[in-house]
Amino acid sequence: MKVRIFSVMQYEVNPKTGENLNFNERNIISALSHKSIKQWAYICHDEDRFTDKDFDNDICTKEQVGELKGKHWHIVCRCDSPLELHSIANWFGVPENFIDVPKGRGAFLDCVMYLTHETQKAQEEGKFHYADDKVKSNFDFRKEIDNREERRLKYGGDLTKEEEMIYDVRYNGKTLKQCRIDDELLYLKIEEKLQKKRLLYIADMEMPNTRLNYYITGKGGYGKDVASRALARSLFPQLSSDDEIFFEVGGDNVTFEGYDGQPVIIWSERRASKLLDDFKGRENLFKVFDSHPHNAKVNIKYGSVKLVNTVNIVNSVQDYKEFLDGLAGEYVDKEGVLHKAEDKGQSYRRFPIIMPLHTMDIDILFSKYFTGESNNPSEYEQWKRICGSFRKVRVLCKNNEELARMVEGKMLSGLPEKSKELLENEVQLTEEEILKALEHYGEEIIVVENKEEKKEIDLVKLATDENTYKHFCI
C-alpha cells in the first residue's frame, strides 16, 4: 500500500506491560531526514490520562483509567510522492499497524490540529490542551491552520487550490491577471475554465448608471494613443496597472478577446465609418456608446462578453464635427445597403468631451448641452487650452516611464474632476419627485369641443401644467 499522508503514534514504554519499546525522539529525527517527506510535525504527549475508551480498546487496565498515560509521540507527515507503508514502518521502527492513513480533504491539517488537542471534539473528551510550542515542525503549522480556517469560512469547506481559484474568479471578481500572478502553472492548467468563469462573472456585474465618452482628435504622430492612455490613468488613479484600467481595441477587426471588465475601453484610430463597420450599423454602436448603457454584449471566442466599462475613449485623425456628423449621417454599409441620415443629436449627445490635439497645445471642449447651458447638443465651449504635446513628452522622457506619466498627469490636471462634475450636472430626481412629475400619467385625455374646433390636449402639457390639467380633465 502506498500513501502520501500518514500519522504515527508510539509509546516509549508499553503502558500495559511496562516493556521498553526503544522509541524516542531520535527515531523520529532519523525517519524525518528522508527527503521523500516534505512536511512534518510531531509532539510528545506527556499530560494525557487513560480513559474508559482506552480500556475498551485494550490500551490500559481498568485500574489505570484516570492515571497519566506516560510519554508517547504523535507524528504527522505529508509526501510529494506515494510511499510504501513497510518503508515508513522501517524508518520509524514501528509495526505497520501503528501507522494511520487519514482520508479526505484537509486530512493532513486535521491530523496536525490533533497534536495540540485543540479541536472541540478533543476538548469535549477531556483531553489535555497542549501549547503550540510543544509542537516541532518544518513549516509554520499555526499559520496554515489559521489560513485553512479562514478558507473554510470563505468557501464553506475544504477546496483544492484549483477549486479555490475557479471559485474566486466566478464569485469574488478575481481577474485572470491576478490568477497568473498567484500561480502561473495552475493558471496554465485551467486557463480555459478560468476564462469562461470570468465571462460569467462579468455577465453578472451591474451595468454602470452612466457612461462617459471622450473623443480625441489630431494628426498622425500627435500622440493620440498616448493621450488616450494618459486620460484613462488620470480617471482611475486608484488602480495600479494599465491592465486593470483600460482595454485597447485596435487593428482591422474588432476583437474583445482579453476584455476583463476594465472600466475604460480605448478605441484606437476609429473614424466614424470604421466604427459603423465595426458594429455593423448604428444601432449596436449607439448602444455601446449610450450615456445610460443597457446590457450590451459583444461576441468573443467563448461566446459573448458584457461591456461594463464606465468610459469610452475614441481617437482618430478625423475632425470631431466630421466624426460626429458621420456617425449620424447617411452611409453605405459593406453589403452596399444605403442607410439614411438620422438626427445628429444622437451622436453629439453621446460625446460630451472633445480633445483636439495640436502641435504644441491641446484644447479641451465640453458640451454645453451636458452642462445645461444650451438645448443644442452640437454646441461646445472651450474649457481649457493646455500647453503641451503628448508625443514630445514620450520622445524626451524615453524610457523614464515614471517621469512621463508624471508630466502627462500634470497636463490633464483637473479634467477628471471636471468630468465628474459634468455627470453630476444631470438632474437626479428622487422617487417622490418622479412620482409627482408623472402623477397624471395614465389618466384619460379629454377631447374638448368649443365653438371653433375640437381640440385634443397635448399629453406633455397636460402632465406638466397643473392649470391646464384642472381645466380640461374631469
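Here's a quick rundown of the structure. (Residues numbered from 1 in each chain as written. Predicted model: local features only at pLDDT ≥ 70, side-chain atom pairs only at ≥ 80, totals over all residues. Heavy atoms only, no water.)

Observations concerning helix α17 (residues 390-397)
Taken together, the buried positions of α17 are occupied by Phe390, Val393 and Cys397. Projection of α17 onto a plane perpendicular to its axis shows the buried side chains occupying an angular sector of 55 degrees, all on one side. Its buried side turned inward, α17 meets α11 (224-235), β15 (361-367) and α18 (401-411). Positive backbone phi, at 50 degrees, marks lysine 398, one or two positions downstream of α17. (Buried < 20%, exposed > 50% of the residue type's maximum accessible area, 1.4 Å probe, protein only. Helix = DSSP H or I, 4+ residues; strand = E, 2+ residues; numbered from the N terminus. Arc of directions from axis to C-beta. Contact = heavy atoms within 4.5 Å.)

Some points on the side chain of arginine 198
For arginine 198, the location among the structural elements is in helix α10 (residues 191-204). Residue classification places arginine 198 among the buried positions, given a relative accessible area of 5%. Of the polar contacts made by the side chain of arginine 198, one reaches the backbone oxygen of glycine 173; its length is 3.3 Å. Once residues lying within four places of it in the same chain are set aside, the contact partners of arginine 198 are Val169, Gly173, Lys174, Thr175, Leu176 and Asp260. (Polar contact = N/O pair within 3.5 Å; in protein donor to acceptor, adjacent residues only side chain to side chain.)

Overview of the sheet that holds strand β1 (residues 2-11)
One key point about sheets: their strands pair by backbone hydrogen bonds, in either a parallel or an antiparallel sense. Taken in spatial order, the 5 strands of this open sheet run β4-β1-β3-β2-β5, and their pairing is antiparallel. At either end of the open sheet lies a strand with only one pairing partner, and these are β4 (99-100) and β5 (136-137). Examined bridge by bridge, strand β2 (residues 37-45) and β5 share 2 bridges and lie antiparallel to one another. Looking at the pairing, tyrosine 42 lines up with lysine 136 of β5. Sheet strands touched by helix α4 (residues 107-115): β1, β2 and β3 (72-84). Its angle to β3, the strand with the most contacts, is close to 165 degrees. (Pairing = 2+ DSSP bridges. Axes fitted to C-alpha atoms, helices over the stretch in contact; angles between N-to-C directions.)

Some remarks on the pairing of β1
Looking at chain direction, β1 and β3 are connected through 9 bridges and run antiparallel. Across the sheet, residue tyrosine 11 finds its bridge partner in β3, namely histidine 72. Of the pairings in the sheet, the one linking β1 to β4 comprises 2 bridges and is antiparallel in character. Looking at β4, one finds that valine 8 is bridged to isoleucine 99.

Some remarks on the pattern of salt bridges
Scanning all chains against the criterion turns up 42 salt bridges. The partner of glutamate 162 in a salt bridge is lysine 189, and the shortest N-O contact between them spans 3.6 Å. On the criterion of sequence distance, the pair formed by glutamate 162 in helix α7 (residues 161-171) and lysine 189 in helix α9 (residues 184-189) is long-range, its members being 27 residues apart. The class of lysine 189 is exposed, set by a relative accessible area of 62%. Across the pair lysine 193 and glutamate 162 runs a salt bridge whose closest N-O atoms are separated by 3.3 Å. Here the residue lysine 193 occupies a position in helix α10, and glutamate 162 occupies one in helix α7, the gap between them amounting to 31 residues. Here the salt bridges do not stand alone but share partners, grouping Arg233, Asp242, Arg394, Glu401, Arg405 and Glu408 into one network. (Salt bridge = Lys/Arg side-chain N within 4 Å of Asp/Glu carboxyl O.)

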